[in-house]
Amino acid sequence: MDSHAHVGGSRPAGTATDTEGADEIPAVGGAADAAGGPGGEFVHELLDKAVAATPGAPAVRDADERWSYAELNEASHAVAVWLERRGLGAGDRFVVQLPTGRELAAMFYGASRRGVIFVPLNPAMKPFHLRSVVANCRPALFVTDQDGEARAGELTLPAEGDAPAGPVTRTTFEEIWPEIAALRESGVRAAPVPLRPEDPAALIYTSGSTAAPKAVICPHAQVTFATRALVSSLGYRADDVVFCRFPMSWDYGLYKVLMSCAVGSEIVLADRAEDLLLLRRMHEVGATVVPTVPSLASMIVKLGRRAAAGQLPRVRMFTNTGAALPPSVISELRDLFPGTRVVRQYGQTEAKRITVMPPEEDQERPDAVGLPLPGTRVLILDEHGRPVPAGETGEIVAEGGHVMPGYWGAPELSARTFRRDAESGQLRLHTGDYGSLDADGYLYFRGRRDDMFKRKGFRMSTLEIEAAAMDIPGVRAAAAVPPGEQHDLALFVETELDPRVIIKELTVRLEPAKIPAICRALTEFPLTQHGKNARQELARLLDGRDK
């Protein structure tokens, strides 16, 4: 191996094809590469291939019903025809703010068939951020349920070019689904439309280095590449039952739907399952693979301690992301579920997943977060963009067919984050995270460089929390301090308002995971020599208190 820190995936699965500037536009369903993979496969073709192989096999289950692959396929065609009749076509944005269920999976595949860009939003997203999403992606249609419709309030498309400002076209799930169900019963089939693999399949909104959520552009080629690479790295099987507690608005949940489809396994969408009944539900459905974040893994352990003999599901693999699992939780998962693997991973929505620890090595190199996906590379670069020797820390940079092309409507941010290598021309994701590679190519995560952090499994930024606080009348300044060893997420504000009023106002503007645990009002902020909030000084005010 090269003595510098860059390594490729250990299980080759093809290489990305640069389709930018391609003259020919293949028709969906006929011109795609039969072998699949980057440059030749579309999201809905994952479903087409599963239907062709095992039409009667269980595909997706939620709290209400289970669909086979044939039934999911029928529903996806009905959605595509419904979108066509509503006037949506290739490139239009279809914003959906709904709980994750089998209908949402059908909407994703149906949008793909039509060339419509699927934009799933968490139902917990507040109007404060929803308005910025609408302004950014300018949806052709916004769908939510009746509760969401009441929460969303007025949504307006800002003026752009010759187009004046105007209301967003919107409807509710309760209104549209009977129409889609009737189309499904009639046996409609969506006609193929011209698409290219580099066309966006989805926009995934994620927190980051901007105050408002930013949308990662997820083309068909990159999404299907990442899906195939992940099922190879994790060893998903057709007889698996994947129990997913996470919404499709988060890439962790979205890709579980695709990964299950890629191997013909069943996915159970359980983001609405009651906490106390979680293990019972896992046992009922026969869960074998369970994606987790630390808070969910800890809950499973607590419930497992109280479970009666024979009531635990036979889970063969837990995967984890969001933050490292405490060693005690890993140990208890292995005790409660004999023979299970607890797999560490590292990634960002901008490339989906960057490294995966081989499941068979889950008890080796406990500080490592895995190897690069098949057909990809991880580099560790210094501040000048030069590779550093193995074992030394630098910025984690990813290269391969999973790297997304940028952020929707944010060219400057895209140019900073996604950069082409001057020599190879390959697009690289500069993660802004620190890490190192050992001599065998395993990645070790060392920390984040900017204001992003993860809390309760969700990625967020100090800037978006500060922006929400500054939206409150009477707040003159705001500074958020990420969670640390001695304190939880904290917010400092310059205001005469009571801190309890600030927290109450934030619950109207932010999702629950982003609400600070601590809020303090200051008469004057400590500042750096450049006039910025001195977060280190603010953090010192917290250390040892407000744990």
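Residues numbered from 1 in each chain as written. Predicted model: local features only at pLDDT ≥ 70, side-chain atom pairs only at ≥ 80, totals over all residues. Heavy atoms only, no water.

Caption draft 1: Expanded view of the overall build of the protein. If you tally the helices and strands in the protein, you get 15 helices and 28 strands. The burial tally for the protein puts 56% of its 547 residues in the buried class. Excluding contacts between residues fewer than 6 apart, the proportion of contacts in the protein whose partners are at least 24 apart in sequence is 70%. As presented, the protein carries roughly 22500 Å² of accessible surface, and 50% of it is formed by carbon and sulfur atoms. (Helix = DSSP H or I, 4+ residues; strand = E, 2+ residues; numbered from the N terminus. Buried < 20%, exposed > 50% of the residue type's maximum accessible area, 1.4 Å probe, protein only. Contact = heavy atoms within 4.5 Å. Areas by Shrake-Rupley, 256 points an atom, 1.4 Å probe, with all protein chains shown as cover.)

Caption draft 2: Just unusual backbone geometry, in detail. Residues other than glycine seldom take positive phi values, yet Arg138 does so here, at roughly 50°. The residue Arg138 is located in the loop between α4 (127–137) and β6 (141–144) in this model.

Caption draft 3: The arrangement of the layout of surface pockets in detail. Here the largest pocket is characterised by a volume of approximately 1100 Å³. As for the largest pocket, its lining consists of 37 residues, and the residues nearest its centre are Gly322, Ala323, Ala324, Leu325 and Phe445. Put simply, the parts of the chain that give the lining of the largest pocket at least two residues each are α11 (327–336), β16 (341–346), β23 (443–448) and β24 (452–455). Tallied by class, the residues present in the lining of the largest pocket amount to 16 nonpolar, 11 polar and 10 charged. Of the volumes computed, that of the second largest pocket is approximately 610 Å³. Lining the second largest pocket are 29 residues; nearest its centre among them are Asn122, Trp250, Phe458, Arg459 and Lys514. Residue composition of the lining of the second largest pocket, grouped by class: 12 nonpolar, 9 polar and 8 charged. (1 Å grid on protein atoms, 1.4 Å probe; cavity = no way out; pocket = protein on both sides within 12 Å on 5 of 7 lines; lining within 4 Å. Points joined across faces, edges and corners; volume = space filled by probe spheres on them. Nonpolar A, V, L, I, M, F, W, Y, C, P; charged D, E, K, R; others polar.)

Caption draft 4: Focus on the sheet that holds strand β27 (residues 490–494). A sheet is described by the order of its strands in space; here 3 strands give the open sequence β26-β27-β28, paired in mixed fashion. Two strands in the sheet have a free side with no partner beyond their single neighbour: β26 (477–481) and β28 (518–521). Averaged over all pairs of adjacent strands, the angle between strand axes in this sheet comes to 15°, irrespective of strand direction. In the sheet, β27 pairs with β28 via 4 bridges, with the strands oriented parallel. Directly across from Leu491, in β28, lies its bridge partner Cys519. The sheet contacts of helix α13 (residues 462–470) involve β26 and β27, and relative to β26 the element is tilted by about 150°. (Pairing = 2+ DSSP bridges. Axes fitted to C-alpha atoms, helices over the stretch in contact; angles between N-to-C directions.)

Caption draft 5: Region of the structure containing the pairing of strand β2 (residues 58–61). Strand direction decides the pairing type here: β2 and strand β3 (residues 66–68), joined by 3 bridges, are antiparallel. Looking at the pairing, Arg61 lines up with Arg66 of β3. As defined by bridge partners, β2 adjoins strand β13 (residues 266–269) across 2 bridges and the pair is classed as parallel. From the neighbouring strand, Val60 faces β13, where its bridge partner is Ile267.

Caption draft 6: How the structure looks around the packing of helix α1 (residues 43–53) against helix α7 (residues 220–234). Across the interface, α1 lies against α7 with an axial gap of 8 Å and an inter-helix angle of 45°. What the angle tells us is that α1 and α7 run oblique. Residues Val43, Leu46 and Lys49 of α1 form the contact with α7, whose participating residues are His220, Val223, Thr224, Thr227 and Arg228. Looking at side-chain class alone, the contact of α1 with α7 contains 3 nonpolar, 3 polar and 2 charged residues. (Parallel < 35°, antiparallel > 145°, perpendicular 65-115°, else oblique.)

Caption draft 7: Spotlight on the packing of aromatic side chains. Scanning the model with the defined rule gives 10 aromatic pairs in all. With a centroid separation of 5.2 Å and an interplanar angle of 85°, the aromatic rings of Phe246 and Trp250 are classed as edge-to-face. Across the pair, exposure class does not vary: Phe246 and Trp250 are buried alike. Relative to Tyr252, the ring of Phe246 lies with its centre 5.1 Å away and its plane at 35°, an arrangement referred to as tilted. Residue Phe246 is classed as buried on the basis of its relative accessible area, which comes to 8%. Every member of this aromatic cluster is reached through a ring pair, and the members are Phe246, Trp250, Tyr252 and Phe458. (Phe/Tyr/Trp six-rings, centres within 6.5 Å; stacked < 30°, edge-to-face > 60°.)

Caption draft 8: Up close: the nonpolar core. Formed by 116 residues in total, the largest nonpolar core has its most connected members in Phe94, Met107, Phe118, Ile300 and Leu333. It is helix α2 (residues 69–85) that contributes the most residues to this core, 9 residues altogether. Every residue in contact with Phe94, bar those within four places of it in the chain, is listed here: Leu83, Leu88, Met107, Ala111, Val116, Ile117, Phe118, Val119, Leu141 and Val143. With 19 residues, the next largest nonpolar core counts Ile465, Ile472, Val475 and Leu489 among its residues. (Core = buried A, V, L, I, M, F, W, Y, C linked by side-chain atoms within 4.5 Å.)

Caption draft 9: Spotlight on empty space enclosed by the protein. This structure, assessed with the given rule, holds 3 cavities of 30 Å³ or more. In terms of lining residues, the largest cavity is bounded by Ala59, Val60, Tyr69, Leu72, Ala105, Tyr109, Val257, Ser260, Cys261, Ser265, Ile267 and Leu269. Where the lining of the largest cavity is concerned, the elements lending two or more residues are β2, α2, α3 (102–114), α8 (251–263) and β13. Sorting elements by how many residues they give to the lining of the largest cavity places α8 first, with 3 residues. Surrounding the second largest cavity, Gln97, Pro123, Met125, Pro127, Leu130, Gly148, Arg151 and Ala152 form its lining. Residue assignment for the lining of the second largest cavity shows that the elements contributing at least two residues are α4 and α5 (146–152).

Caption draft 10: Representation of α2 within the structure. Taking 1.5 Å per residue, 17 residues should reach 24 Å; α2 reaches 24 Å between its end C-alpha atoms and fits that length. Every buried residue of α2 is accounted for by Tyr69, Leu72, Asn73, Ala75, Ser76, His77, Ala78, Val79, Ala80, Val81, Trp82 and Leu83. One or two positions beyond α2, positive phi appears at Gly87, with a value near 90°. (Expected span 1.5 Å × (residues − 1).)

Caption draft 11: Layout of the pattern of salt bridges. All chains considered together, the criterion is met by 36 salt bridges. Close ionic contact of Glu41 with Lys49 constitutes a salt bridge, the shortest N to O distance being 3.0 Å. Judged by its relative accessible area of 0%, Glu41 falls in the buried class. In this structure, Glu511 and Lys514 form a salt bridge, with 3.7 Å as the shortest nitrogen-oxygen distance. (Salt bridge = Lys/Arg side-chain N within 4 Å of Asp/Glu carboxyl O.)

Function cannot be inferred from these measures alone, as they are strictly geometric.
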